[in-house]
Amino acid sequence: MKVLELNNVHKVYNTTHIEVHAVNDVSLTFEEGEFAAIVGPSGSGKTTLLNMIGGLDMPTDGKILVNSTDLSTLKSSAIIDFRMRNIGFVFQSYNLIPVLTAKENIEFIMNLQKWPRQKRDERTIELLKAVGLEDRINSRPAQLSGGQQQRVAVARALASKPRFVLADEPTANLDTKSTETLLDIMEKLNRDENITFIFSTHDARVVKKARRIITLEDGKVVSDEKRE
Amino acid sequence: MITKTAWKNVWRNKIRSLVVIASVTVGIFAGVFAVGVMNGAIDQRIDEVIDNEVSHIQITHADFRANNDLACNIKDVSRIEESISGLEGVQAVSDRLFVVGMANTASKSTGVNIIGIDPEKEKEIFGLDKELEPRTGEYFGDPDREELAYIGVDLAKNLNIIRYEINDKVIGELKSAELPVEIISEIEKYSGERFDNERSFKKAMRSVLSDKNESEYGKLIMEKSQTFRERAKFTLTFVDSHNQQTGGVFRVGGLYNIPNSMFESTQVFVQDRILRRLIEFPENTAHQIVIRLKNVDDTRAMTRKLRNDFPGLEVLNWKQIQPDMAMMSDFAGVMYGFFMVIILAALAFGIVNTMLMVVLERIKELGMLTAIGMNKKKVFRMIMTESVFLSLTGGVSGMLVSWIIIKLTSTRGINFGSLQEGFEAMGFSSHIYPEIGVDFFLIVTVLIIITGILSSVYPALKALRLDPAEALRTE
């Protein structure tokens, strides 16, 4: 089943003197349950593409359809709501709320969606177990290692059962062991819960695990390779 | 969750938050305590006006107040008094004669209002009998002695009835009061001398004391040096009901001391029966009927009723007789509120500054929150709640500190002794008992919340203008 479709997407930044094509005529389709990596050198347009897929930025031209909904037709408040219900985010620098515990960080989105307490608690525990941090439920981010923080961030991204998760360089700040653990967890969640994961990365360890590798260069897709 | 996060955010940078909280605490304490002192002073002044000077309601002939003409009097007073006494809510009623005249001693004379009263009935209405200056006699101690008058300390000073003398007894008392030896030795230069009035005594003291010593010990030296001859004679002269000049010799039966020096220096109380005889005034007539109510809150309704019952007479309540007090009583709340608004407006700048720093420090986090689905309304609410918590924490601690200090000072009072003359010239006591109502704390709480909300608007709008993609790139 198709969860995401990009049709001739362009993103042009107008600087003082020249136009910069950050994303240039990209057309892609993502099916449910994909574990895809977008790779490419710095400045190739990976983060811009991911931001547009996530509705954080709008294409200059072309269409992005999430579950057949054209993001460009939504008002800014509707996009925020749409993101909350359909898209999970994992950031390079974890971006957890430092004053909240692991549990509170995970249930933050569920709270925004006004989930009942019991349902919230069950989902939080389930996710903490899935990322192997059930014993750190009341730890604050400062009390967790980088790898553990990123695992909490993954759990938070999955909290409201999104259609897909966008992860921008999720392993960039992690050591080898933490990267392995995180990738194993994400792969397992991808398989068990059939959640689509789309990464931007230039980490070979992530690329090795990905089942689809999209390579960008100067904003254009130069290869789109699927593996079994 | 937003409320919980906002509260936790307050304590993210403890030092910075505590500095803001401390400044709000100090500001609120200063404001509330100052209001407590002002409120205490005003309430004391109002009590003083009602208890010693005016009572709740006064009835006079319709033209009496305008021209003080003795002929403008109330007839059939006993019937009117009886009818008023029977009304529910009336505590006591008394009638008075009121004559304008001169008080004279051998060396001084001054204009006064001579008020003829029934001393026993007056005690049920006024508290002047309790304001007797110690060691100056009694409040109409001997009812058979008609010539006794009850006058104010300031009038006694003006008439040179109170004098000042440095003698061995005074020196001994000053030594017991542990006055520094060098000051006593300076004062002793005037030993044996008597001063007819306050001014000449002060002049003499200034010649031997430094400004500092005078402001520190002057009041004590003056109190100890005061001499008063009990039952000193003075004359009262006035015009009788036939417009003939008349008068009588009176003796000071006792001196009253109240914070209102104007009242003290002009109001002379004598027994009704002697004044009535001297002005040749018929029985069962009076110039003024004074009424004390059981509850001050009934004043307005009772005034209305009495106006209906006695249409030919002028019925005024204390607010109408003393419009300055009415203004203070009615507008004090507005004045206090305005005062607090000014303080909070100043504090708001500090809160705005802190909240701006908060937003600028958390640009990335705010970008993340918007990215994961926190809408603008909720972002605004979170920043606003944080600002309200910050203000309210300081505000509550400020109110708590001021409540404790007001409680501690409300029983003993605060003595502004060095400013006594100035306070009393305005009719206020220099010994103030601060007090504040619970309703004022509620108003301040609401004002603090409003300050917190308003202080958050600009920083929150700044947060709303953030582009999440841009914000997430911030380091």
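Residues numbered from 1 in each chain as written. Chains lettered and ligands numbered in written order. Predicted model: local features only at pLDDT ≥ 70, side-chain atom pairs only at ≥ 80, totals over all residues.

### Re the sheet that holds strand S3 (residues 35–39) of chain A
Residues and elements named next belong to chain A.
So, step 1. If you walk across this open sheet you meet the 6 strands as S6-S7-S8-S3-S9-S10, and the pairing is mixed. In this open sheet, the two edge strands, each paired with only one partner strand, are strand S6 (87–90) and strand S10 (220–226). Within this sheet the neighbouring strands show an average axis-to-axis angle of 15 degrees, counted without direction.
So, step 2. Across 5 bridges, the pairing between S3 and strand S8 (residues 196–201) is parallel. (Pairing = 2+ DSSP bridges. Helix = DSSP H or I, 4+ residues; strand = E, 2+ residues; numbered from the N terminus. Axes fitted to C-alpha atoms, helices over the stretch in contact; angles between N-to-C directions.)

### Focus on the domain arrangement of chain B
Residue and element names in this part refer to chain B.
So, step 1. Per the domain assignment, the segments of chain B are domain 1 (2–48 + 325–473), domain 2 (63–160 + 230–311) and domain 3 (162–228).
So, step 2. Relative to domain 3, the C-alpha centre of domain 2 lies at a distance of 35 Å.
So, step 3. Opposite the 7 residues of domain 2 that make contact, domain 3 presents 6 residues.
So, step 4. Tallied by class, residues from the side of domain 2 that touches domain 3 come to 2 nonpolar, 3 polar and 2 charged. (Domains from an automatic or database assignment. Contact = placed C-beta atoms within 7 Å. Nonpolar A, V, L, I, M, F, W, Y, C, P; charged D, E, K, R; others polar.)

### Concerning the interface of chain A and chain B
So, step 1. Between chain A and chain B, the residue contacts involve 19 residues of the former and 19 residues of the latter.
So, step 2. At the level of elements, helix H2 (76–86) and helix H3 (102–112) of chain A are the ones that each hand at least two residues to the side of chain A that touches chain B.
So, step 3. Top contributing element to the side of chain A that touches chain B by residue count: H2 of chain A, with 5 residues.

### Quick notes on the pairing of strand S9 (residues 212–217) of chain A
Residue and element names in this part refer to chain A.
So, step 1. Relative to S9, S3 runs parallel, the two sharing 4 bridges. Following the sheet pairing, alanine 37 is matched in S9 by isoleucine 213.
So, step 2. Bridge count between S9 and S10: 6 bridges; the pairing is antiparallel. Its bridge partner lying in S10, glutamate 217 is registered against lysine 220.
So, step 3. In textbook terms, the turn of a hairpin is the stretch between consecutive antiparallel strands, and for S9 and S10 this stretch comprises 2 residues, one of which, aspartate 218, has a positive phi near 50 degrees.

### What about the environment of aspartate 76 of chain B?
Residues and elements named next belong to chain B.
So, step 1. Counting through the fold element by element, aspartate 76 comes out in the loop between helix H3 (64–67) and helix H4 (77–85).
So, step 2. Accessibility expressed as a C-beta count within 10 Å gives 9 for aspartate 76, which makes it exposed.
So, step 3. C-alpha of aspartate 76 to C-alpha of glutamate 283: the two residues are 207 residues apart in sequence and 8.9 Å apart in space. (Buried ≥ 20, exposed ≤ 12 C-beta atoms within 10 Å, placed from the backbone.)

### Regarding the environment of isoleucine 448 of chain B
Residue and element names in this part refer to chain B.
So, step 1. Relative to the helices and strands, isoleucine 448 is located in helix H19 (residues 438–464).
So, step 2. Taking the C-alpha atoms as reference, isoleucine 448 lies 45 Å from arginine 307; in sequence the two are 141 residues apart.
So, step 3. Ignoring sequence-local partners within four residues, the contact set of isoleucine 448 consists of Leu344, Ser391, Leu392 and Gly395.

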